[in-house]
Amino acid sequence: MNNFDLPEIAHNICAIANYKLARTQINITHKWILTDEEDGRKNMTLSSVELINDIILYTIHSLKDESIYKRFRGYIENSESIQNMISYYGDYYGIQPENIIYRLMKAAFLKPEKYFDSTKLINESNRLIANINSGVDEITLIGRLHGVRLESELIEVESDISLIRLDQQAINERQPLINEFGIYPAILDYSDSNVEIKIKEHYPISLGYNIMNMNWQNDLIYKLDNVVKSIKLCRHGRFYIYPIRFYSTLTGEMSTIRPAPKYTTDKVVLSVADIDDLKRAFSIVKNISGDNVLERSFSRFLIGLDELISEEQIVDFVIAWESLLQTVDGKSNKAELAYRFSLNGAAILCEVDNNRKFTEAQTLMKEVYNIRSAIVHGGDSSSISKTLKKLGFDNLVNLNNELAKLYRNVIFWLSGIERQERPYHKSFGWELLLRK
C-alpha cells in the first residue's frame, strides 16, 4: 500500500457514500434564527433544520462492510505517521483507525451540496499526516460570548487569543436546535451578541504523549476566564460563555462544554477604540496574582458584577474597595475603619483624577460605607434613600455603576505602579498619597 492508493480510495469511498446518502431520509428539527425585517429591524423566526450531522454519521457507519472501507482502514493502519500517532495516544479512542476515518469523512462532507468530496478527503488526509509529522498538537478553544457586540472584525488580545465578529449567517449556524432543550422550544436571542473567543495553544508531542492526561483543558479555560475578566475590567456588564468547544489538529473535534443557558440584558459594544484598553486589561488580569491584595479585591469586584440585587452588589463592591483602602503596610487595618475608608478612598480617587475635589470624594466614600453598613446591619431603607439623594443618585443601580467605574480607573492606575510602591504595600503609603 503506497501513497498512490489514496486518490483511488478517496474517489471510490466517496462515490459509495454519496450513493447511500441519496437513498437515506434526512430528519427535520427546528431552531430560532435571526432574520431581517423590511424596516431594518431584526426578528427571531422558527426555521426548519435538517439533522445533517446525524445522517453523516449514519452514512459513514453504513460503509463498514464495504471492501473500499476496509482498504481505507488498511491505508490508515499502514501509515507510519498514524502508527506513531497511535503509539503516542495509546488506547485513546479518538485516534483509533475507525475514528480517524470518521473524522476524515466528516471533514470531506460539503454541507451546502450534501456531498462527500474526494478531493477534500485527500487534502484532509494529507493535512493530518502533516500535523502528525510537525511534532506539535495545536488545540483550539472556541467559546461563544454573550452580552457583548463587536464592531470591528477582529480584536487580537494576544497572538493566539482573539475576539472574532460573527456575521448574521454565522450566528444562525450556531443557534442551538430546540431539541437540545428537551420539550421546551427555547429562544436564545443572540442578535446583539456576535462575538466568539478563539484561543490556541501548542503542545509538543512525543512517545508517551497522551491528551487525556494533560491539563490543556484547564489551561485554555483559565485563559478564557481571563479574557472575560478583562472585558469586565473595561466594561460594566454580565457576560457568559455558551457553549465551549475544543478542537485538536490530531484528533479533530473533541469535547463540548454546555453550561446551563443564561440570559443577559447587557449589550456592551467593543470597537477598534477599545483594543488598547482591552489588551492592557488582559495584561493586568494575567499578572494580578503577583499582588495578593489586588487579587483579593478584584475577585470580590467580579462577584459584585454578577450580582442581580443592587443591595448585595454594593456590599460586594465596598468589600472590594475595603481590600485596597483598609490595607496598610501590606496588613489589614483594624482601627477607624469608616474613617480610613473615606480618607484613603478620597486620596486615591484624587490621585487618579486631578480634577476631583478631595472633600467631595471623601463625602462620597464616607456615605458609600454608611450605605453598606445600613444594609449589612439591617438599617432603615429610608436612610439609604436620603443618602442617595444627598450624593445625587436616583437609585443604588446608578451608584453601583459609578463605584464600578471608579474602581476600574483605580485598578488601571495601580497597574502602572510597581507592586512595592502601591499605597497599601508601601510604608506610610497612604500618608504620602494624602500629602500629595
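(A) The overall build of the protein, seen in detail. A count of helical and extended segments in the protein gives 16 helices and 14 strands. Here the C-alpha atoms of the protein give a radius of gyration of 28 Å, more than 25% beyond the 22 Å that 2.2 N^0.38 yields for 436 residues. Dimensions along the principal axes, computed over C-alpha positions, put the protein at roughly 85 × 55 × 35 Å. Out of the 436 residues belonging to the protein, those deemed buried represent 47%. Taking all contacts inside the protein whose residues are at least 6 apart in sequence as the whole, residues at least 24 apart take part in 71%. When the accessible surface of the protein is summed, it comes to about 22,300 Å², and 48% of that surface belongs to carbon and sulfur atoms. The centroid of the 52 positive side-chain charges in the protein is displaced by 4 Å from the centroid of its 58 negative side-chain charges.

(B) Spotlight on the pairing of strand E10 (residues 240-248). When you tally the buried positions in E10, you get seven out of nine residues, the bulk of the element. Two elements, strand E5 (residues 136-146) and E10, share seven bridges in a ladder whose sense is antiparallel. Among the inter-strand pairings, Gly143 is bridged to a residue of E10, identified as Ile244. Strand direction decides the pairing type here: E10 and strand E11 (residues 252-257), joined by four bridges, are antiparallel. Paired with Ile244 across the strands is Ile257, a residue of E11. Hairpin geometry of E10 and E11 is characterised by an intervening segment of three residues between the two adjacent antiparallel strands.

(C) Representation of the packing of helix H1 (residues 5-22) against helix H3 (residues 67-77) in the model. Running from N to C, H1 and H3 point in directions that differ by 140 degrees, and their axes come no closer than 9 Å. For the element pair H1 and H3, the recorded crossing hand is left-handed. Of the residues in H3, those touching H1 at Asp5, Leu6, Glu8, Ile9, Asn12, Ile13 and Ile16 are Ile68, Tyr69, Arg71, Phe72 and Tyr75. Residue composition of the contact of H1 with H3, grouped by class: eight nonpolar, one polar and three charged.

(D) The sheet that holds E10, seen in detail. Ordered by their spatial adjacency, six strands build an open sheet running E7-E8-E9-E5-E10-E11, and the pairing between neighbours is antiparallel. The sheet terminates laterally at strand E7 (154-158) and E11, the two strands that pair on one side only. Strand-to-strand twist in this sheet, taken as the mean axis angle between neighbours without regard to direction, amounts to 20 degrees.

(E) Quick peek at the environment of Gly237. By secondary structure assignment, the location of Gly237 is in the loop between helix H8 (216-234) and E10. Separated by 173 residues in the primary sequence, Gly237 and Val410 have C-alpha atoms spaced 18 Å apart.

(F) Region of the structure containing the nonpolar core. Counting 80 residues, the largest nonpolar core has Leu145, Leu163, Ile197, Trp321, Ile348 and Leu399 as the members making the most contacts within it. The element best represented in this core is helix H15 (residues 396-415), accounting for 10 residues. Among residues more than four places away in sequence, those in contact with Leu163 are Leu150, Glu153, Leu154, Ile155, Val157, Val195, Glu196, Ile197, Val227, Ile231, Leu270 and Leu278.

(G) Main features of the side chain of Asn400. Relative to the elements of secondary structure, Asn400 occurs in helix H15. For Asn400, a relative accessible area of 0% corresponds to the buried category. In contact with Asn400, other than residues within four places in its own chain, are Ser310, Gln313, Ile314 and Phe317.

(H) Seen up close, the side chain of Arg408. With respect to the helices and strands, the residue Arg408 is situated in helix H15. Leave out the neighbours within four places in its chain, and Arg408 touches Lys232, Leu233, Cys234, Arg235, His236, Phe301 and Leu305.

(I) View of the packing of aromatic side chains. The full count for this structure, using the stated rule, is seven aromatic pairs. An angle of 65 degrees between the planes, with centres 4.8 Å apart, marks the rings of Phe109 and Phe116 as edge-to-face. We note that Phe109, like Phe116, is buried. Their ring planes at 80 degrees and their centres at 5.7 Å tell us that Trp321 and Tyr407 sit as a pair that is edge-to-face. With Trp321 in helix H11 (residues 310-325) and Tyr407 in helix H15, the pair connects residues that are 86 residues apart, well separated along the chain. Given the relative accessible area of 1%, Trp321 is considered buried. Three or more aromatic residues joined by ring pairs form one cluster here, namely Phe298, Phe301, Phe317, Trp321 and Tyr407. Of note, Arg372 hangs over the ring of Tyr369, and the distance from its end group to the ring centre comes to 5.4 Å.

(J) Up close: helix H6 (residues 118-134). If you check H6, its first and last C-alpha atoms are 24 Å apart, about what 17 residues at 1.5 Å a residue would give, namely 24 Å. Of the residues making up H6, those classed as buried are Leu121, Ile122, Glu124, Ser125, Leu128, Asn131 and Ile132. For H6, the capping residue at the N-terminal end is Asp117, with a side-chain oxygen 3.3 Å from the backbone nitrogen of Thr119.

(K) Looking closely at the pairing of strand E1 (residues 28-36). Bridging between E1 and strand E2 (residues 42-50) involves nine bridges; their strand directions are antiparallel. Bridge assignment links Thr35 to a residue of E2, and that residue is Asn43. Counted between consecutive antiparallel strands, the loop separating E1 from E2 contains five residues, among which Gly40 sits at a positive phi close to 90 degrees.

Conventions adopted
Residues numbered from 1 in each chain as written. Predicted model: local features only at pLDDT ≥ 70, side-chain atom pairs only at ≥ 80, totals over all residues. Heavy atoms only, no water. Helix = DSSP H or I, 4+ residues; strand = E, 2+ residues; numbered from the N terminus. Rg over C-alpha atoms; globule rule 2.2 N^0.38 Å. Buried < 20%, exposed > 50% of the residue type's maximum accessible area, 1.4 Å probe, protein only. Contact = heavy atoms within 4.5 Å. Areas by Shrake-Rupley, 256 points an atom, 1.4 Å probe, with all protein chains shown as cover. Lys, Arg positive; Asp, Glu negative; His and termini not counted. Charge placed at Lys NZ, Arg CZ, Asp CG, Glu CD. Pairing = 2+ DSSP bridges. Axes fitted to C-alpha atoms, helices over the stretch in contact; angles between N-to-C directions. Left-handed = near helix turned anticlockwise from the far one by under 90°. Nonpolar A, V, L, I, M, F, W, Y, C, P; charged D, E, K, R; others polar. Core = buried A, V, L, I, M, F, W, Y, C linked by side-chain atoms within 4.5 Å. Phe/Tyr/Trp six-rings, centres within 6.5 Å; stacked < 30°, edge-to-face > 60°. Lys NZ or Arg CZ within 6 Å of the ring centre and 35° of its normal. Expected span 1.5 Å × (residues − 1). Polar contact = N/O pair within 3.5 Å; in protein donor to acceptor, adjacent residues only side chain to side chain.

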